[in-house]
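Below are the chains, spelled out letter by letter.
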Amino acid sequence: MDKIAIIDLGTNTFHLLIVEIQAGVEKIIHKEKIAVKLGEGGISEGNISKAAEERAVKTMLYFSDKIKEEKVENVFASATSAMRNAENGKEVMQHIYEATGISVKLISGLEEAKYIHQGVKKALEIGPEPALIMDIGGGSVEFIICNQTEVFWMQSFEIGAQRLLDKFHKHDPILPKDIEKLDDFLRKELAELKVKMDIYQPHHLIGSSGTFDTLIDINYLEKESDKPDDVAFSISLEDFDRIFNEIIQKNRDERMAIAGMIEMRVDMIVVAVCLIDFLIENNEFIDIKVSTYALKEGLLDAIISNELKTS
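Within each chain, residue numbers correspond to sequence positions counted from 1 in written order. Under the rules for a predicted model, residues below a pLDDT of 70 receive no local features and side-chain atom pairs below 80 are neither given nor counted, while totals for whole chains, interfaces and linings still include all residues. Note: side-chain values were computed over all heavy atoms of the structure, leaving out hydrogens and water.

Caption draft 1: A look at the layout of surface pockets. Using only the protein atoms, space was sampled on a 1 Å grid; points where a 1.4 Å probe fits but cannot get out form cavities, open sets with protein on both sides within 12 Å along at least five of seven lines form pockets, and lining residues are those with an atom within 4 Å of a point. Grid points are joined across faces, edges and corners, and a volume is the space filled by probe spheres set on the points. Here the largest pocket is characterised by a volume of approximately 780 Å³. Considering the residues around the largest pocket, the lining is formed by 44 residues, among which His-15, Ser-209, Gly-210, Asp-213 and Arg-265 are closest to the centre. Comment: elements are numbered from the N terminus, with helices defined as DSSP H or I runs of at least four residues and strands as E runs of at least two. Only β2 (13–22), β3 (25–35), α4 (109–123), β6 (131–136), α8 (211–222), α11 (269–281) and α12 (295–304) provide two or more residues apiece to the lining of the largest pocket. Ranked by the residues each element gives to the lining of the largest pocket, the list is headed by α8, at 4 residues. The residue makeup of the lining of the largest pocket, split by class, is 13 nonpolar, 18 polar and 13 charged. Only Asp, Glu, Lys and Arg are considered charged in this grouping, and only Ala, Val, Leu, Ile, Met, Phe, Trp, Tyr, Cys and Pro are considered nonpolar; every other residue, Gly among them, is considered polar.

Caption draft 2: Layout of the packing of helix α1 (residues 50–69) against helix α3 (residues 89–100). Comment: axis = line fitted to C-alpha atoms, over the contacting stretch for helices; angle = value between 0 and 180 degrees taken between N-to-C directions. At a minimum axis distance of 10 Å, the contact between α1 and α3 shows a crossing angle of 35°. In this structure, α1 crosses over α3, and the sense of that crossing is right-handed. Here Glu-53, Ala-56, Val-57, Met-60, Leu-61 and Ser-64 of α1 lie close against α3, whose contacting residues are Val-92, His-95, Ile-96, Ala-99 and Thr-100. Within the contact of α1 with α3, the residues separate by chemical class into 7 nonpolar, 3 polar and 1 charged. Definitions for this section: a left-handed crossing has its near helix turned counterclockwise from the far helix by less than a right angle. A right-handed crossing has that turn clockwise. Residues are treated as being in contact if the distance between any of their heavy atoms lies within 4.5 Å.

Caption draft 3: Examining unusual backbone geometry more closely. Cis geometry marks the peptide bond from Asp-172 to Pro-173; its omega dihedral reads 5°. With respect to the secondary-structure elements, Pro-173 resides in the loop between α5 (161–168) and α6 (176–189). In this structure, Gln-201 is a non-glycine residue whose phi angle is positive, near 50°. Relative to the helices and strands, Gln-201 resides in the loop between α7 (191–200) and β9 (204–208). Burial classes: relative accessible area under 20% of the type maximum marks a residue as buried, over 50% as exposed, and values in between as partly exposed (1.4 Å probe, protein chains only). Classification of Gln-201 as partly exposed rests on a relative accessible area of 42%. Positive phi is not limited to glycine here, since Ser-209 has a value of about 50°. As for its placement among the helices and strands, Ser-209 is situated in the loop between β9 and α8. Residue class for Ser-209 comes out buried when judged on its relative accessible area of 16%.

Spelled out as structure tokens, the structure:
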């Protein structure tokens, strides 16, 4: 198994990771993400729109060309929330297969949480005390309460950023009353998480990829300091609070002007930071760590250990 390609067909973003393995050492050959917005214009109705399907097939054809270019024979493609919940999800996966020959595996919310946890453990030391890992996708959000050696609880909730955007981001900038409605919704939807947080008392928050990557980029650029070439970072609660307030007070054009903001994140980041802020306000976290590794790195780990089979 010299080269492995992992494709993560997310609700907002499709990721391609090509890795070469020699004598047990992983070397990244190619890494790319494309904003496909699979959930746009349909996720809240349990459907993938025709335009979103076209973007998905086009991106998968492009990824397929890259994979052939690199002469990769071991390919693993997984789809998550948008595809899981769409009435036409299987049909879209079939169209992708017909166009590219790539078979897409649908993974459950719990499997997603499990592989995210594996990915995060590759990036950073969780430590002996309980921590809460949080991965905000476009369709679902995964939570894992764990320490370095043990997982205490994990769950996937269908409250991803595209869903929250459709439901609560009605004005731009978002209004305080919309944030209040969002908080009320989260209080109900995340009741199970609250119970588990009270039991295990995690005081460390670990965010993986997506929104958290963008928060780190903004923080480094605002402080005009060089961002190290690393896979694990931290952001203080004070810095998060400052960036949170900046994001919610600005409209789309103003957010786009923030150094470190990217086009694929500019819309969903508003409800995503509201979700992070809700958790911080309702729990006693002392720090925030960020892992740039998440689902695809966890899947890679499972493939290397023969837990998952490539096609």
